[in-house]
Amino acid sequence: MYFFHYDEPLFRPPSEAESLIFQITLGCSHNGCRFCGMYKMKRFRLRSLDEILAEINAIPERYRPLVRRVFLADGDALVYPQSGLATILDALSETFPGLTRVGAYASPQSLTTKSGDDLALLREKKLRILYFGLESGDAETLLMVNKGYGPEEMLQLCRKAQDAGLKLSVTAILGLAGRVRSAEHAAATAAWVNALSPEYFSLLTMFVRHNDEFLASIEPLTHGEILEETLALLLRLEPQRTILRSNHVSNFLNLAGSYPKDRQRLIDTAAAALAEAKRRPGWSCQVPAYKEEYF
């Protein structure tokens, strides 16, 4: 029997839980965001095309019809050279007759390497969804965390992907700006999402993972302040045809709904959670330092 030998740690979005994962890159091509410790222990590299094709071909014949979705890892698989990525997608379609969708993480850097026509071609080859880390719509916060791109640059890159027919799942991080710019972070992030209306928008909460130096440089929010930031964002959030989720393990308020239909319900849910939190003794406690293995 063939076993994958993944280069750990390996990450995937919650929605890719049932996907077959192939690592076509290792690490992250930027790997400079101060808040992110996901790939700090890895040196970025592209895996060879021959190596990837051999791994795809090694899936036993009897299992191939069962594969419906594939996720391409690591941190920004879209940065893989266009011709090689097209070849990988062709091999996936040929190997898995029931394949309906391929997904991948996409960084701003990786989107600069692909033209609109490149992205449209990849979509034809079943790359259908990109997971994009916005982190914040606030330019000052993005500069502070060394994202490498400003909000307007990222908006234009994401619009290019949308114009090519790709779905986008965008994430932002509650508590990323600390106490000093919490209000600006919430307002600007909502405005950015309103301008794009991605198919999916997800909220994470700032947590500890190989980022102690960054966390020491900001004033972390308390549980109550995270809920206040959440509510401030939701009060300004008005995208069209966007599904909101906050189901990551870092979150302590689970939100799920579709815009614009569920907007008021989501606001009411966050407001009720905030009111309840104010009655509890843990209101002023800082967000806990989650253990790395939980992620």
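Everything in this summary refers to the structure shown in the same document. From a predicted model like this one, the values you see are computed outputs, not experimental measurements.

Once that is clear, we can look at the packing of aromatic side chains. Evaluated as defined, the whole model comprises 4 aromatic pairs. On the basis of an interplanar angle of 75° and a centroid distance of 5.9 Å, the ring pair of Phe71 and Tyr131 is categorised as edge-to-face. With a gap of 60 residues between them, Phe71 in strand E4 (residues 69-73) and Tyr131 in strand E6 (residues 127-135) connect regions that are remote in the sequence. The pair Phe71 / Tyr131 is uniform in exposure class, with both members buried. Each residue in the set Phe71, Tyr105 and Tyr131 is aromatic and connected to the rest through ring pairs, giving one cluster.

Any two side chains of opposite charge can pair, on the condition that their charged atoms come close. As enumerated under the stated definition, the model contains 16 salt bridges in all. With its nearest N and O atoms 2.8 Å apart, the salt bridge here joins Asp138 to Arg181. Of the two residues, Asp138 sits in the loop between E6 and helix H5 (139-144) while Arg181 sits in the loop between strand E7 (167-174) and helix H7 (182-196), which places them 43 residues apart along the sequence. When its relative accessible area of 7% is taken as the criterion, Asp138 is described as buried. A single network of salt bridges, built from pairs that share partners, joins Asp7, Lys42 and Asp74.

Let's shift gears to helix H10 (residues 263-278). In this model H10 runs 23 Å from its N-terminal to its C-terminal C-alpha over 16 residues, within 8% of the 22 Å that 1.5 Å per residue would give. For H10, the complete set of buried residues consists of Leu266, Ile267, Ala270, Leu274 and Ala277. Take H10 and look down its axis: the buried residues cluster within an arc of 100°, on one side only. Buried-residue contacts for H10 involve helix H9 (223-236), strand E9 (242-245) and strand E10 (256-259).

Our next topic: H7. Its 15 residues give H7 an end-to-end C-alpha distance of 22 Å, which sits within 8% of 21 Å, the value for a rise of 1.5 Å per residue. Within the sequence span of H7, burial applies to Ser182, His185, Ala186, Thr189, Ala190, Trp192, Val193 and Leu196. Angular distribution of buried residues about the axis of H7 spans 160°; they occupy a single face of the element. Elements that come into contact with the buried residues of H7 comprise E6, H5, helix H6 (151-163), E7, strand E8 (200-205) and H9. Of the residues one or two after H7, Ser197 is the one with positive phi, at around 50°.

What follows covers the pairing of E8. Most of E8 sits out of view: 5 of its 6 residues are buried. Across 6 bridges, the pairing between E7 and E8 is parallel. The residue bridging Leu174 from the neighbouring strand is Thr205, located in E8. For the crossover from E7 across H7 to E8, the handedness is right-handed. In this sheet, E9 lies alongside E8 in parallel orientation, the contact comprising 3 bridges. Residue pairing in the sheet places Tyr200 in a bridge with Ile243 of E9.

Calculation criteria
Residues numbered from 1 in each chain as written. Predicted model: local features only at pLDDT ≥ 70, side-chain atom pairs only at ≥ 80, totals over all residues. Heavy atoms only, no water. Phe/Tyr/Trp six-rings, centres within 6.5 Å; stacked < 30°, edge-to-face > 60°. Helix = DSSP H or I, 4+ residues; strand = E, 2+ residues; numbered from the N terminus. Buried < 20%, exposed > 50% of the residue type's maximum accessible area, 1.4 Å probe, protein only. Salt bridge = Lys/Arg side-chain N within 4 Å of Asp/Glu carboxyl O. Expected span 1.5 Å × (residues − 1). Arc of directions from axis to C-beta. Contact = heavy atoms within 4.5 Å. Pairing = 2+ DSSP bridges. Right-handed = clockwise from strand over helix to strand, strands pointing away.

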